[in-house]
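Chain and residue survey
Below, each chain spelled out in residue letters.
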Amino acid sequence: MLYLIGGASRSGKTTKANRIVNEAGIPYFSLDYLMMGLANGVPELGVHPTEGDFITGQRMWKIVDPMLTAKVGNGIDYTVEGVQLLPAFVAEFQQKFAGDVRCCFIGQSELDVTAVEEMKLHSSATENDGFKDLSHIEALAEMKRIRADSARYKEECEVHNLPYFESSSNFNLTLDQVVAYLINK
C-alpha cells in the first residue's frame, strides 16, 4: 500500500509520517528532499522552493508521478508526504491505482495567526527550518500563507472527494485520526 500525506506547511505531515513508521514500520519519504535536490542539482527544471507550494507541486509532478508509480508497481508499503502533493494529481493517481493507494490532506485553515510565539515554540521542537528565527512580522506573514494554503487544500479536497483533516485546533487528536484513517482503516 502506498500512503500519501499532502497538505499545508506545519500541519503535521512529517509528524504523522514518523508516527506511521513507529507504529506500523512503514518507511516514509519527504518530498521536501526531492524538491531541494531538484532546485539545487537540476536548476533548469525551474523548481524553486520559495515560489509557492502549488506551483512547485505542479512542476514536480512529472517526476513524482513515475516515482510513486514505481512504488505501487513494486508492491512496497511506503508513505510519501509533502506540500508538493496536490489534490487534483493525487485524486487521479489514486483512481489509477485503486486499492493500492490511501491518501489524505492536512491543513490549518482555522489557524489563529496571532499565536506566533506558540507556533515558533512547536516548530522548534519538530523541524529545523528556521521558522523560530523569523521576526514576529515574518512569522505572522508565514502563518497567514499557511492558513490561505490550507483553505485551498481543503477546497480542492472537497472538489476531488479526498479526505481533509484540520489540525489547527487539536493537533494530537488530528494526529490520531489521520493515522487511524491511513493504517487502521
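Along each chain, residues carry numbers from 1 onward, in the same order as the chain's sequence is written. Restriction of local features to residues with pLDDT of at least 70 applies here, the model being predicted, together with a cutoff of 80 or more for giving and counting side-chain atom pairs; totals for whole chains, interfaces and linings are based on all residues. The side-chain values count all of the structure's non-hydrogen atoms but skip hydrogen atoms and water molecules.

**Focus on the environment of Ile106**
This is how the line gets drawn: Where helices and strands are cited, they refer to DSSP runs of H or I of at least four residues and of E of at least two residues respectively, numbered from the N terminus. Note on exposure labels: buried denotes an accessible area under 20% of the residue type's maximum, exposed denotes more than 50%, and partly exposed covers the range between, all computed with a 1.4 Å probe on protein chains only. Every residue pair with non-hydrogen atoms within 4.5 Å of one another is taken to be in contact.
As for its placement among the helices and strands, Ile106 is situated in strand β4 (residues 101-107). Residue classification places Ile106 among the buried residues on the basis of a relative accessible area of 0%. What Ile106 contacts, discounting residues up to four positions off in sequence, is Ile5, Gly6, Gly7, Ala8, Ser11, Gly12, Lys13, Lys16, Tyr164, Phe165, Ser167 and Val178.

**Describing the packing of helix α3 (residues 53-73) against helix α4 (residues 87-96)**
Quick note on the threshold: The convention used is that axes are lines fitted to C-alpha atoms, helices contributing only their stretch in contact, and that angles between N-to-C directions extend from 0 to 180 degrees. For classification, angles of less than 35 degrees are called roughly parallel, those exceeding 145 degrees roughly antiparallel, those between 65 and 115 degrees roughly perpendicular, and all remaining angles oblique. In this scheme the handedness of a crossing depends on how the near helix is turned from the far one: anticlockwise by less than a right angle means left-handed, clockwise means right-handed. Ten residues, namely Ala, Val, Leu, Ile, Met, Phe, Trp, Tyr, Cys and Pro, are considered nonpolar, four, namely Asp, Glu, Lys and Arg, are considered charged, and the remaining ones, Gly among them, are considered polar.
Packing of α3 against α4 leaves a shortest axis separation of 11 Å and a crossing angle of 20 degrees. The angle between α3 and α4 falls in the class roughly parallel. The crossing of α3 and α4 is right-handed. Listed contacts from α4 to Gly57, Gln58, Trp61, Asp65, Leu68, Thr69 and Val72 of α3 are Phe89, Phe93 and Lys96. Each residue belonging to the contact of α3 with α4 can be placed in one class, and the counts come to five nonpolar, three polar and two charged.

**Some thoughts on the confidence of the model for the chain**
Filter applied, for reference: pLDDT gives the predictor's per-residue confidence on a scale running from 0 to 100.
On average, residues of the chain score 87 in pLDDT, and 92% of them are at 70 or above. The spread of mean pLDDT over the elements of the chain runs between helix α5 (residues 116-126), the lowest at 61, and α4, the highest at 97.

**What to know about the packing of helix α2 (residues 31-41) against α3**
Running from N to C, α2 and α3 cross one another at 110 degrees; their axes reach a closest spacing of 11 Å. By the angle between their axes, α2 is roughly perpendicular relative to α3. When α2 is examined against α3, the residues Leu31, Leu34, Met35 and Leu38 are found in contact with a partner set consisting of Thr56, Met60, Ile63, Val64 and Met67.

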